[in-house]
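Chain residues, written in single-letter form:
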Amino acid sequence: MTSPTTADRQEMPLESEPGNGGSSGPSIWARLGGFSFRHRRGVLLSWIGLLVLVFGAVATVGTSSDSSFESPDSESARGFEVLTEHFASAGSFISGSIVYEATGGVDDPDVQAAMTDLFDEIDAIDGVTVTSPYTELGAQSGLVSQDGTIARATIDFAENVSETESAEIGVEVNELVADIDVDGLTIEVGGAALAEFEPPEAELIGLAFAVVILILSFGSVLAMGLPIGVALFGVGIGVGTIQLLTNVLSIPDFATTLGAMIGLGVGIDYALFIVTRYREGTRAGLDPERATVTAIDTAGRAVVFAGSAVVISLLGMYVIGLAFINGLATGAAVTVAITMVASITLLPALIGFAQERVEITRYRGLIMAGGAAIGLLGVGIGFPILGLIGLVVLVGTLILSLFVPKLREALPPRAHRDLRDTWSYRWSRFVQRRPWPVAISVTLFLLLLASPVLGLRLGFGDESTYAENTTTRQAYELSAEGFGAGSNGPLLLVSEIDDPAQFESAAALVETLNGTEGVVRALGPIPSDDQAAIQIIVIPTTGPQEEATSDLVQNLREDVIPAATDGTGLDVSVTGSVASSVDFSSYLGERIPFFFAAVLTLSFLLLMMVFRSILVPLKAVIMNLLSIGGAYGLVVVVFQWGWGIDIFGTGSGPIEPFLPMMLFAIVFGLSMDYEVFLLSRVKEEYDRTGDAVTSVADGLAATARVITAAAAIMVVVFGSFVLEDNRIIKMFGLGLASAVFLDATLVRMLLVPATMELLGEKNWWLPKWLDRILPSLNVEGPGDDHASDVDERVLVDQGS
């Protein structure tokens with residue numbers, strides 16, 4: 001293929017090559033890198049000031065998370081409107097319960113007195129309404145088990161009570177419960193709204209392993225510290241920003257943990273690529289400032305490209321039109337964006353402080369880094385002794401180095417081997433000699449791994465997925481024992497009344513419901529105080545997250561209720577948390593394919609602009625689908641089917657409906673980073689030599705160490721989050737870790753060289769007419785032959 005001149009192309013904003021007939025000066029990225037390096041103190045102080053400002057604002061304003069997931073114009077949403085208008089706080093999406101068991105019966109005078117006092121204290125909390133089993137409404141609602149030993153009180157919240165406030169109320173309720181001491185009385189606090197949110201600690205485990213991986217990869221303590229420092233700044237400001245945004249957007253409480261997970265992974269990943277390029281520059285003879293400018297003008301561009309792809313993909317979920325999804329996407333996108341900006345501004349400033357010392361590692365630094373890793377691991381896994389050992393190693397080595405000169409000596413530099421003497425080059429040639437067997441076997445394996453997705457069931461997990469030692473899980477089990485599993489997620493049937501005769505029709509509906517398969521019992525009709533609406537409580541035979549319960553909702557809506565209310569004038573809506581979950585999952589499930597198609601199309605077009613090829617981006621899209629399909633399959637096998645679920649300390653259930661979208665957006669952005677980093681080197685070698693065979697092996701050899709290190713870091717960072725208490729975070733952790741692992745190993749190390757070998761020069765084919773009209777997107781910056789020119793002009797422009 002003959003490449004057209006630059007004048008024939010529409011240049012994109014990222015493009016700025018010296019001597020190409022386009023821009024006459026250094027790129028904005030080169031200027032940014034030089035500015036940050038030269039004004040490093042000001043840049044660092046600005047980032048520190050921003051960090052302090054954000055958390056000062058959080059301390060002043062506070063947070064207000066919200067996990068409500070009503071879908072627009074749904075039957076459950078209309079039902080909640082009726083509940084809000086006629087039944088006050090019963091219309092709130094969040095609720096909880098107090099479930100208790102008394103060996104002598106819940107009517108025992110001591111038990112009744114203690115529990116009544118408890119209910120009165122809870123009811124006195126602002127925004128809280130308690131329905132006691134000892135009241136008339138409680139009796140109508142069937143809040144006492146048939147044998148009289150188990151009872152439950154429902155706790156409803158006013159509409160203006162946020163998720164953060166409900167969790168704080170949950171802490172207060174648990175303290176009140178702890179003060180009750182009655183023989184034979186067991187009390188549990190149920191409902192996710194009252195469950196205490198535990199701040200994440202798993203990131204410390206990921207950091208501990210990241211320290212080890214970076215040192216093994218770089219052989220330098222300072223080179224290890226730079227990516228981690230940048231990632232911590234980005235994550236800190238990102239998480240603080242998410243907490244501030246909870247006051248204006250509907251953002252769930254776990255969004256901060258998700259933001260920390262993604263921010264740490266991509267933050268270390270992005271900084272790793274830039275530091276690697278910087279070290280290549282210094283080893284090629286560039287001084288630190290020139291090497292920094294070149295690194296930001298090359299690897300920095302790729303970071304902006306990859307980070308922007310993630311942000312755009314995440315914000316693309318706004319087209320779904322759901323506040324919950326918008327908030328979740330915004331939280332993740334904000335963290336990625338801040339981390340990306342830190343990588344191209346704060347990192348060159350920090351390099352400016354380190355300069356040549358990046359290449360120097362002293363024995364004391366190596367030992368202290370090991371101590372830090374041990375300490376972080378100990379705190380992360382909740383083993384204080386290990387953390388103390390790490391601290392002793394850290395401080396002891398520093399003090400000892402004052403008296404032991406050997407500890408202050410530098411380690412000898414690593415010997416650098418020719419690329420064709422590396423294992424990665426030999427591996428690529430091994431694969432290229434067997435392209436068909438490798439391509440077929442890997443593809444079949446990934447398809448097998450992805451096959452469980454065919455049985456994917458979208459929905460929200462209930463409290464049975466909480467850890468067994470939590471009061472939330474114990475309340476669920478106790479309620480199921482006394483009232484059946486369905487009592488943990490009763491269906492609420494509501495209708496407005498405009499004719500007194502409709503009360504009789506509602507009573508007839510209750511009789512019909514009590515004879516319906518899948519219903520334990522139906523209670524009511526319960527009239528509102530204004531007599532303008534009725535409520536019927538339906539207890540299913542199965543738990544809230546069971547597929548049979550979802551089927552029951554559909555059966556009631558489509559068959560049972562229409563037949564029983566025909567001609568009565570009743571307009572009955574099936575609502576409640578279970579029905580809302582069904583509506584939300586259905587709404588999202590219908591729109592997910594369109595979102596996937598949009599992300600795939602965007603990825604294909606961007607990669608086609610970058611590589612001037614049709615087959616390379618097409619292969620990239622297909623391979624990314626295979627790796628993320630394998631990750632989906634693992635998530636389904638573990639969290640839906642329950643294979644090995646005990647290892648993860650949670651329960652099995654449906655897959656949260658927003659998880660496939662979030663994973664898809666994040667993984668495609670991350671994999672695009674690897675794609676550009678690897679294939680741009682392959683294309684560079686092909687353009688230089690014209691050899692479609694050795695260019696693949698040379699490109700893989702040149703990038704294997706960095707890609708392996710970056711992938712290993714993300715795998716351990718993401719994987720460490722499976723140790724968190726929140727089931728959703730566990731799923732994200734496993735999904736992201738497995739997707740990155742599959743992408744960096746089976747795809748990059750096997751499928752890419754095999755398929756590149758099979759297609760040969762056809763990899764870089766692009767029709768001439770398309771080449772003329774397709775904009776050019778340069779994400780690697782100027783080539784080596786232009787690097788010195790760029791550096792000279794940046795230094796001159798900045799007065800060096």
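The model shown is predicted, which means the values in this text are computed figures rather than measured ones.

Novice: Any details on the sheet that holds strand 2 (residues 128-131)? Residues and values, ideally.
Specialist: As summarised here, the arrangement of the 4 strands in space is 2-3-1-4, forming an open sheet in which the pairing is antiparallel. The outermost strands of the open sheet, each flanked by one partner alone, are strand 2 and strand 4 (185-190). Strand-to-strand twist in this sheet, taken as the mean axis angle between neighbours without regard to direction, amounts to 20°. Alignment of strand 2 against strand 3 (residues 150-157), held across 4 bridges, turns out to be antiparallel. When the sheet's bridge partners are listed, valine 128 is paired in strand 3 with phenylalanine 157. Packing of helix 6 (residues 163-178) onto the sheet brings it into contact with strand 1 (95-102), strand 2, strand 3 and strand 4, and relative to strand 4 it is tilted by some 175°. Against the sheet, helix 16 (residues 471-483) touches strand 1, strand 3 and strand 4, its axis set at about 110° to strand 4.

Novice: Before we move on, could you go through the pairing of strand 7 (residues 533-540) and cite the residues and values that matter?
Specialist: The buried fraction of strand 7 amounts to 8 of the 8 residues, a majority that puts the element mostly inside the structure. Where burial is concerned, the two faces of strand 7 agree: the one with Ala533, Gln535, Ile537 and Ile539 and the one with Ile534, Ile536, Val538 and Pro540 are both buried. Two elements, strand 5 (residues 491-496) and strand 7, share 6 bridges in a ladder whose sense is antiparallel. The residue bridging leucine 491 from the neighbouring strand is valine 538, located in strand 7. Here strand 6 (residues 519-527) runs beside strand 7; their pairing, made up of 6 bridges, is antiparallel. Opposite isoleucine 526, over in strand 7, you have glutamine 535 as the bridge partner. Here strand 6 folds back onto strand 7 in antiparallel fashion, the turn holding 5 residues, of which glutamine 531 has a positive phi close to 60°.

Novice: An account of unusual backbone geometry is requested, with residue identities and associated values reported.
Specialist: Residue proline 525 follows glycine 524 across a cis peptide bond; omega there is 5°. Within the secondary structure layout, proline 525 lies in strand 6.

Novice: Tell me about helix 11 (residues 323-354), and please be specific about residues and values.
Specialist: Taking 1.5 Å as the rise per residue, helix 11 with 32 residues should run 46 Å; its terminal C-alpha atoms sit 45 Å apart, in good agreement. Maximum bend of helix 11: about 40°, positioned at serine 343. Counting buried positions over the 32 residues of helix 11 gives 28, a clear majority of the element. Of the residues one or two after helix 11, glutamine 355 is the one with positive phi, at around 50°.

Conventions and cut-offs
Residues numbered from 1 in each chain as written. Predicted model: local features only at pLDDT ≥ 70, side-chain atom pairs only at ≥ 80, totals over all residues. Heavy atoms only, no water. Pairing = 2+ DSSP bridges. Helix = DSSP H or I, 4+ residues; strand = E, 2+ residues; numbered from the N terminus. Axes fitted to C-alpha atoms, helices over the stretch in contact; angles between N-to-C directions. Contact = heavy atoms within 4.5 Å. Buried < 20%, exposed > 50% of the residue type's maximum accessible area, 1.4 Å probe, protein only. Expected span 1.5 Å × (residues − 1). Bend = angle between axes of the 7 residues up to and from the residue.

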